[in-house]
Amino acid sequence: MAEKKDKWNVTDLPDLTGRTAVVTGANSGLGLATTDALARAGAHVVLAVRDPERGRAAAAKVPGSTEVRRLDLADLSSVREFAAGWDRPLDLLINNAGVMMLPELRTADGFEMQFGTNHLGHFALTNLLLPHVTDRVVTVASGLHRGGDGVIHFADVNLRGNYSPTRAYAQSKLANLLFTLELQRRLTEAGSPVRALSAHPGWAATNLQSHHANPLARLGMAVGNRLLAQDDRAGALPTLYAATRDLPGASYVGPDGLGEMRGAPTLVGRSRAASDPEAARRLWALSEEMTGVPWALGARTV
């Protein structure tokens with residue numbers, strides 16, 4: 001009988017000495033766990049955070065080489081400022097930051113907060129940094145991309161008059177997957193060696209769930225965090241796997257357990273809507289229009 005192989009975990013990370021990573025939302029939860037693992041493996045990790053003071057406090061807990069830079073994904077001027085200050089090769093861009101099931105709010109640029117932060121902020125950041133990226137872009141999505149209405153509301157992605165916390169969150173996470181799909185298509189067409197991948201953590205106990213607009217939902221998630229969820233270090237494993245394993249572009253990584261809620265990282269499936277190349281192209285064009293940030297590696301492709 002063949003010997004059973006141990007499942008992939010953080011001890012399987014390769015030596016990342018000499019490599020540089022940017023992790024958005026790195027001061028807590030999955031972002032901090034990702035930062036800690038990458039730094040322990042030898043990478044120089046830039047904590048891209050909205051609050052530099054909290055970022056420095058988080059970085060002080062991480063052994064290894066780190067620095068803190070301000071980035072507010074809900075403000076495109078902040079995204080542009082961060083990117084304008086980048087002047088060296090970047091091996092890994094980890095689009096981790098996110099907000100979840102908030103009451104109806106707007107970004108500094110007037111976008112619905114979850115779509116604006118989770119998708120548009122990362123869309124702009126990625127395109128602005130892409131000329132520096134040498135290896136890959138990993139965007140953290142969610143199994144909840146299947147939720148809500150299961151579509152991008154192209155007629156009004158800001159959901160004015162049609163808002164619900166769940167609908168908005170699901171749309172933003174579906175956008176993350178469509179963004180990765182179209183980004184990889186464009187990278188391949190441009191002859192770039194950079195790969196775009198997505199990952200989701202399953203149900204990981206972080207502070208994201210504490211911001212749900214519904215008090216009863218917050219209570220239910222708090223109970224779920226205690227009884228069902230894996231911790232943030234386990235939740236970060238799919239991101240780390242996507243960032244370091246030799247996987248095809250546009251791969252999607254999640255936990256291998258029941259319902260992809262917890263477990264070791266593996267390649268997972270996605271909804272039909274998240275695999276739609278035409279929707280991915282349409283979303284890209286809309287995102288360029290909304291952010292004013294064009295495709296980074298040349299003329300717009302069709």
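In short, a report on the structure.

Each value, and the rule that gives it
- Residues numbered from 1 in each chain as written.
- Predicted model: local features only at pLDDT ≥ 70, side-chain atom pairs only at ≥ 80, totals over all residues.
- Heavy atoms only, no water.
- Core = buried A, V, L, I, M, F, W, Y, C linked by side-chain atoms within 4.5 Å.
- Buried < 20%, exposed > 50% of the residue type's maximum accessible area, 1.4 Å probe, protein only.
- Contact = heavy atoms within 4.5 Å.
- Salt bridge = Lys/Arg side-chain N within 4 Å of Asp/Glu carboxyl O.
- Helix = DSSP H or I, 4+ residues; strand = E, 2+ residues; numbered from the N terminus.
- Pairing = 2+ DSSP bridges.
- Right-handed = clockwise from strand over helix to strand, strands pointing away.
- Polar contact = N/O pair within 3.5 Å; in protein donor to acceptor, adjacent residues only side chain to side chain.
- Axes fitted to C-alpha atoms, helices over the stretch in contact; angles between N-to-C directions.
- Parallel < 35°, antiparallel > 145°, perpendicular 65-115°, else oblique.
- Nonpolar A, V, L, I, M, F, W, Y, C, P; charged D, E, K, R; others polar.
- Phe/Tyr/Trp six-rings, centres within 6.5 Å; stacked < 30°, edge-to-face > 60°.
- Expected span 1.5 Å × (residues − 1).

Focus on the nonpolar core
The biggest cluster of nonpolar side chains holds 47 residues, and the ones touching the most others in it are V22, F82, L125, L129, L130, I152 and L183. Setting aside residues up to four positions removed in sequence, L183 forms contacts with T126, L130, V137, A196, W284 and W295.

Notes on the pattern of salt bridges
Throughout the structure, instances matching the rule amount to 14 salt bridges. For R136, the salt bridge identified is with D135, shortest N-O distance 3.3 Å. This pair shows no difference in class: R136 is buried, exactly as D135 is. In this structure, R186 engages E182 in a salt bridge whose closest nitrogen and oxygen atoms are separated by 2.8 Å. With R186 and E182 both in helix α5 (residues 165-189) and four residues apart, the pair spans about one turn of that helix. In this structure, R186 and E182 share a single accessibility class: buried.

Thoughts on the pairing of strand β3 (residues 66-70)
Where strand β2 (residues 44-49) meets β3, five bridges bridge the pair, whose relative direction is parallel. Its bridge partner lying in β3, L47 is registered against V68. Considered for its hand, the β-α-β crossover made up of β2, helix α2 (residues 52-59) and β3 is right-handed.

Points about the side chain of R186
Overall, R186 belongs to the buried group, its relative accessible area being 3%. A distance of 2.8 Å separates a polar atom in the side chain of R186 from a polar atom in the side chain of E182.

Remarks on the sheet that holds β3
Read from one edge to the other, the open sheet built from eight strands follows the order β3-β2-β1-β4-β5-β6-β7-β8, with strand pairing classed as mixed. Both outer strands of the open sheet, β3 and β8 (265-267), are each paired with one neighbouring strand and no more. Recorded for the sheet is a direction-independent mean angle of 25° between the axes of neighbouring strands. Bridge analysis of strand β6 (residues 195-199) against strand β7 (residues 252-255) gives two bridges, and the strand direction is parallel. When the bridges of β7 are listed, S198 appears paired with Y252.

Digging into the packing of α5 against helix α9 (residues 277-291)
Their axes nearest at 8 Å, the elements α5 and α9 cross at an angle of 95°. As judged from the angle between their axes, α5 and α9 are roughly perpendicular. In contact with A175, L178, F179, L181, E182, L183, R185 and R186 of α5, α9 contributes P277, A279, A280, R281, L283, W284 and E288. Within the contact of α5 with α9, the residues separate by chemical class into ten nonpolar, no polar and five charged.

A short note on the packing of aromatic side chains
Summed over all chains, the structure comprises six aromatic pairs. Between F82 and W86, the ring centres sit 6.3 Å apart and the planes meet at 20°, which makes this aromatic pair stacked. Summarising the burial analysis for this pair, F82 and W86 share the class buried. Ring geometry for F179 against W284: centres 5.7 Å apart, planes inclined by 20°, an arrangement best described as stacked. Taken together, the positions of F179 in helix α5 and W284 in helix α9 put the pair 105 residues apart, joining distant regions of the chain. Using a relative accessible area of 2% as the deciding quantity, one classes W284 as buried. Three or more aromatic residues joined by ring pairs make a cluster, and in this case those are F123, F179, W284 and W295.

Focus on helix α4 (residues 113-129)
Compared with an ideal rise of 1.5 Å per residue, which puts 17 residues at 24 Å, α4 spans 22 Å between its outermost C-alpha atoms and is within 8% of the ideal. By the criterion of burial, α4 is predominantly enclosed, with 16 of the 17 residues buried. Between the side-chain oxygen at the start of α4 and the backbone nitrogen of Q114 there is a gap of 2.8 Å, and the oxygen is on E112.

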